[in-house]
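Each chain, letter by letter, is given below.
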Amino acid sequence: MSKIIGIDLGTTFSAVGFASQGELRILPNGAERIVPSVVGFSPQGALLVGTPARNQYVLYPDRTARSIKRKMGSAETVELDGRAYSPQEISAIILRELKRIAEANLGEEVTRAVITVPAYFSDAARQATKDAGEIAGFTVERILNEPTAAALAYGLDRTEERQLVAVYDLGGGTFDVSIVELNSGIVEVRASHGNTQLGGDDFDELLMNFLAERFQEEYGLDPRTERRATARLLHAAEQAKITLSTQPFVQVREEYLMELEGRPLHLDVEVARAQFEELILPLLEGTLSSFDQALLDADLAASDLDKVLFVGGSTRIPLVWELVAGHTGLEPHIEINPDEAVALGAGAQAAIIAGEPLDAILVDVTAHSLGIEIAEIAFGELIPDRYNVIIHRNTTIPTSKAQVYSAVFADQTSIQVKVYQGESAVASENTLLGDFMFDQLKPEAAGLPPRITVNFDLDLNGLLRVSAVDRASRRQAGVTVKAEHLPLNPAQKEAARERIEGLEIDAAEGQQILLARARRILVERGAGLERLSAVAAGLEQAIETGETERQEELEEELTDLLYELDEE
Amino acid sequence: MRQLILAVLNVHTLLGLLAGWLLGARRAQVAERDAQAHVDEQFAAQLERAAEIAAQLDPLVAEISALNTSAATLRESVAALDKQLGRVGREQFKVNTLGEAQQQQIENALEQLGELNTHREADVALLREQLHADQSAQRLLVIQRLLPALDGLDQALAAGERLRARAPNPEPQKISALSFQQRLAIALGRGEIPMTRVDGAAEWRDALTAWLAGLELVRERLLHALAAERVYPLSARGEPFDPNLHIAVETAPATDEHSDGMVIDEYRRGYQVDDRVLRAAEVVVARAINFNGEENEG
């Protein structure tokens, strides 16, 4: 029987998940872990799948099909190179490529697959997906809902108690949120709601427009009127978006972006995370409405939820986390790479069908939140000893996160950075890991309090590098502390166990050695050693019952008996 | 008859014996008297000697009793020693037993260590390999971070070229602006149309050209550093579009110079490391346009 793989057949990207030796992993295509869901023909008629097909899209849109997932279940066809293809056929070409990738990784033919679909997919779309799988040469073992796959990736099916889980999936081009109920291994999607035209690409475009407007303000020229400049700006926007997920500011530089009467014009803009958040907030608020709608459809309140899982690359944006956390009162889980969670979950389902053992996905996470002490100003009052989290607990490590903080007073020249670990809103109720003084602060502008960017860099060993940069002078200070109470991983535990073993022979061990010798002699010589046999049995019993005095007596006697025998 | 002979013989013998006894008794009486005196004498001497010996015996007895006492003590000591020896032996036995067990444990541990060492060696080799791969990956990451700077340099050079192209060029003066003599000379083939004078333009262009050449050297230097890491720029301009190396970002009408499917221009240069594409080139590709305005197929 062929091995079974799990396939996330996505709108923009697809991926293959597989469980081997109990471990779930992605089967990559060379250096690529995800494959663009694009199919095309070159002018010479060669079939292109994935990145090369995507690369030619602008040049040969009439020879290239993308986002075919949106058409699944419809009777619409796509014309490529003068021939009409059904959505099933296009999907089948992608699936066949994924099959090839799986076979290259596993070194054998693979003919069985689990394929995921969105929870909102119609029966026709599901059937079309199954057909596509069969055209590609697969026996489709299961059509699996994407939110269910995410829950499986997190191993939530392995708990007995009933759980209600929301899966929030914000990808490159689609958004949906599903309410999943898990009960003794049975998984059911109770409701799903979303927007098939919302995702990270929209955020890129909003940020690109923002950058174009900054440029226009400075030079009176709109870069969007030039294709070349537009393409460069879109790149820059996407890069800036990614940087802003870990940094509070990003410097966007596009030198020689345009020319005005032969004079080169450069874009050089600093974008604050807050500015980016302001841009995308309306779109994100829309996702919260979908969330409420899904809860309503499932006849549930946010307080009924046990967990929130994050899927899709755009869930890496900190504001998404904060909004959903604030909306549900739960800390969303993002430990498993949100780009890969669905494919890994499909791989988990495949393992269940194949009867393969499966361990939980092991990810190194921080067990406690890490942050610094701050003072808050509320209603004109200064409230000291507040705790501001920079790295949330359950964040996958290694990780790097930064935030910007303002001094309280305009003439303030120093800030004490106190690093804490814990969950209490009151800083001093958490564990103080270390602190350092940052002085000679300079204000960025006269009359404004100085600001510092505090960066937390947490490595796999639990070492936390804290650095602060003065925004005005770029001067830097920092400290490295050890984040405590990091749970030992199984390998560390095993190493520790081995270390303490066999250090010295204690009383109990001495007794065991004597008993072992007695037993050996009894076996060797057999008859005539009734006393030895009786004493040995007595000692064994005394050890069992824990009578120490009796143990000592019998040990003594046993030693004598054995000694005498030894003398003979 | 025989009995009679025997009886006569016996009487005779008895008579003889009686006579002898009587004689002997008499003689013995005398001798006894003599002997008695001698014995008395001897007895006295004996007594004397006995007293002497008795006097010598007392210290001996004392000595013997002392000897007896010390023998008992010795016996006790020997018993104690014996006991002690037994205890020591037992202890020794116990220690030996434990020692044997420890020896066994040490042997086991050594064996395990040996195995571990073998594993360790394999691990180290693996780690070294991994370290090497990690270092390469890290260096590649650094290079990837440097690429935007190199892109900027490309932009700067392209902008410089455009600037140079815009620099005022000397051009032939208008015929109408020439004097009659000049026009005549040109008409007779004895002269050429003089060029307009642009103040400092030539010098300025020369300076810009030299400056751009310098910048080009800086770029070469950077590319050289990348080549040391086996990172090379992808050629794109003038090549046929290859979806494995190029990303089409724009199309432009094909011309005689640029046929359909040729890369005309680069938005962003691509790079490869060994045979792998590190970053595909973003290119403008020529497309043939039909007379009815539709794009050509293939």
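Below, the structure is looked at part by part. Everything numeric here is computed off the predicted structure, so don't read it as measured data.

### Some remarks on the sheet that holds strand β5 (residues 276-279) of chain B
Residue and element names in this part refer to chain B. Read across the open sheet, the 3 strands follow the order β1-β4-β5; overall the sheet is antiparallel. Here the strands that pair on one side only, and so sit at the sheet edges, are β1 (231-233) and β5. Taking each pair of neighbouring strands and ignoring which way they run, the sheet shows an average axis angle of 35 degrees. Pairing between β1 and strand β4 (residues 271-273): 3 bridges, direction antiparallel. Bridge pairing links V231 to V273 in β4.

### Description of the packing of aromatic side chains
The tally for this structure, following the rule as stated, stands at 8 aromatic pairs over all chains. Consider the rings of A:F41 and A:Y85, whose centres lie 5.9 Å apart with planes at 25 degrees: the pair is stacked. With A:F41 in strand β5 (residues 38-41) and A:Y85 in strand β9 (residues 83-85), the pair connects residues that are 44 residues apart, well separated along the chain. A:Y85 matches A:F41 in its accessibility class, with the two residues each being buried. Taken together, a centroid distance of 6.4 Å and an interplanar angle of 70 degrees make the contact between A:Y60 and B:F241 edge-to-face. A residue pair is termed interchain when its members come from two chains, as with A:Y60 in the loop between α1 (51-55) and β7 (64-66) and B:F241 in the loop between β1 and β2 (246-253). Accessibility classification places A:Y60 together with B:F241 in one group, the buried group. In this structure an aromatic cluster arises from ring pairing among A:Y168, A:F175, A:F291 and A:F310.

### Thoughts on the sheet that holds strand β12 (residues 163-170) of chain A
All names here are of chain A. Strand order in this open sheet of 4 strands is β14-β13-β12-β17, and the pairing throughout is mixed. Edge positions in the open sheet fall to β14 (186-195) and β17 (307-311), since each of these has one partner strand only. Ignoring strand direction, the axes of neighbouring strands in this sheet form an average angle of 20 degrees. Pairing of β12 with β17, which is carried by 5 bridges, proceeds in the parallel orientation. For D169, the partnering residue across the bridge sits in β17 and is V311.

### Examining unusual backbone geometry
Residue and element names in this part refer to chain A. Of the consecutive residues I397 and P398, the connecting peptide bond is found in the cis state with omega at 0 degrees. Following the sequence through the fold, P398 ends up in the loop between β19 (381-391) and β20 (399-406). Here Y256, not a glycine, exhibits a phi torsion of approximately 55 degrees, which is positive.

### Description of the nonpolar core
Formed by 49 residues in total, the largest nonpolar core has its most connected members in A:Y168, A:I179 and A:V271. Listed in part, the 36 residues of the second largest apolar core include A:I5, A:F18, A:V39 and A:A92.

### Considerations on the side chain of B:E250
For B:E250, the position within the fold is in strand β2. We note that B:E250 is buried and unpaired, the nearest opposite charge coming from A:R227 at a distance of 4.6 Å. Residues contacting B:E250, with those up to four places away along its chain left out, are A:V58, A:R227, A:R228, B:Y267, B:V283, B:V284 and B:V285.

### Focus on the interface of chain A and chain B
Listed by partner, the interface residues are 35 residues for chain A and 40 residues for chain B. Together chain A and chain B conceal approximately 3,400 Å² of surface at their shared face, both sides included; 56% is due to carbon and sulfur atoms. The largest contributions to the chain A side of the interface with chain B come from A:N55, A:L59 and A:R228, which together make up 20% of the buried area. Of the charged contacts in the structure, one is a salt bridge between A:E259 and B:R162, with a shortest N-O distance of 2.4 Å. Across the chain A-chain B interface, the total number found is 12 residue pairs in polar contact (both at pLDDT 80 or more). Listing elements by their share of the side of chain A that touches chain B, those giving two or more residues are α1, α6 (227-243), β15 (249-260), α11 (507-525) and α13 (548-567) of chain A. Ranked by the residues each element gives to the side of chain A that touches chain B, the list is headed by α13(A), at 7 residues. Looking at the side of chain A that touches chain B residue by residue, the classes come out as 14 nonpolar, 6 polar and 15 charged.

The rules behind each value
- Residues numbered from 1 in each chain as written.
- Chains lettered and ligands numbered in written order.
- Predicted model: local features only at pLDDT ≥ 70, side-chain atom pairs only at ≥ 80, totals over all residues.
- Heavy atoms only, no water.
- Pairing = 2+ DSSP bridges.
- Helix = DSSP H or I, 4+ residues; strand = E, 2+ residues; numbered from the N terminus.
- Axes fitted to C-alpha atoms, helices over the stretch in contact; angles between N-to-C directions.
- Phe/Tyr/Trp six-rings, centres within 6.5 Å; stacked < 30°, edge-to-face > 60°.
- Buried < 20%, exposed > 50% of the residue type's maximum accessible area, 1.4 Å probe, protein only.
- Core = buried A, V, L, I, M, F, W, Y, C linked by side-chain atoms within 4.5 Å.
- Lys, Arg positive; Asp, Glu negative; His and termini not counted.
- Salt bridge = Lys/Arg side-chain N within 4 Å of Asp/Glu carboxyl O.
- Contact = heavy atoms within 4.5 Å.
- Buried area = accessible area lost by both parts, 1.4 Å probe.
- Polar contact = N/O pair within 3.5 Å; in protein donor to acceptor, adjacent residues only side chain to side chain.
- Nonpolar A, V, L, I, M, F, W, Y, C, P; charged D, E, K, R; others polar.

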